[in-house]
Amino acid sequence: MSDNVESPIETQKEEPHTPSDDSTTSDDKKKIDVLLKAVGDAPIMKTKKWAVERGRTVQSLSQFISRFLKLDTSEQLFIYVNQSFAPSPDQDVGVLFDCFGSDGKLILHYCKSQAWG
């Protein structure tokens, strides 16, 4: 159960109870859709779209991806926004979504070697 607390929640999962309209809108503001795409020699994740809390940092997202892909601790993981730049590890995913999100989701590319920027 502790892995569910630390990892993003898949968007396919739904809560068993039906919340009222007020809690639905506040829930939507707390989580954003993140689309993770593999680049180069990085393994491809079967689940590409994740619901991630806005306050989560890029570093914690990178650690989750590394654990999910079962990468060695010696292997590096690079994350890029819109195939152009690498955000700082302490950057909140919600701020990146506000600035660079499109079509209701934030697209992040991950790879094991430096690709852009």
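Everything here concerns the structure above.
The structure contained in this document is the topic of the report that follows.

Definitions and cut-offs
- Residues numbered from 1 in each chain as written.
- Predicted model: local features only at pLDDT ≥ 70, side-chain atom pairs only at ≥ 80, totals over all residues.
- Heavy atoms only, no water.
- Helix = DSSP H or I, 4+ residues; strand = E, 2+ residues; numbered from the N terminus.
- Buried < 20%, exposed > 50% of the residue type's maximum accessible area, 1.4 Å probe, protein only.
- Contact = heavy atoms within 4.5 Å.
- Areas by Shrake-Rupley, 256 points an atom, 1.4 Å probe, with all protein chains shown as cover.
- Salt bridge = Lys/Arg side-chain N within 4 Å of Asp/Glu carboxyl O.

The next point concerns the overall build of the protein chain. Within the protein chain, the secondary structure is distributed over four helices and five strands. The N-to-C order of helical and strand elements in the protein chain reads α-β-α-β-β-α-β-α-β. Out of the 117 residues belonging to the protein chain, those deemed buried represent 32%. Across the protein chain, every contact between residues at least 6 apart in sequence was considered, and the portion connecting residues at least 24 apart equals 66%. Put simply, the protein chain shows about 7,600 Å² of open surface, and 49% of that area lies on carbon and sulfur atoms.

Overall, the coordinates contain three salt bridges when judged by the stated rule. Across the pair R54 and D98 runs a salt bridge, and its minimum N-O distance is 2.7 Å. Here R54, found in the loop between β3 (49–53) and α3 (58–68), pairs with D98, found in helix α4 (residues 93–100); they are 44 residues apart in sequence, far enough to count as distant. On the basis of relative accessibility, which here comes to 53%, the residue D98 falls in the exposed class.

Assignment of secondary structure puts D92 in the loop between β4 (78–81) and α4. Judged by relative accessible area, which is 28%, D92 ranks as partly exposed. Residues D92 and G55, 37 residues apart in the sequence, show an inter-C-alpha distance of 5.5 Å. Among all residues touching D92, those that are not within four sequence positions of it are R54, G55, R56 and T57.

Here the focus is the environment of F68. Residue position: F68 is located in helix α3. For the pair formed by F68 and M45, sequence separation is 23 residues and the distance between their alpha carbons is 8.3 Å. Those residues in contact with F68 that sit more than four places away from it in its chain are M45 and W50.

Here F85 lies in the loop between β4 and α4. Spatially, the C-alpha atoms of F85 and H109 are 10.0 Å apart, while their sequence positions differ by 24 residues. Once you skip the residues sitting within four places of it in the chain, F85 turns out to touch I79, Y80, L96 and F100.

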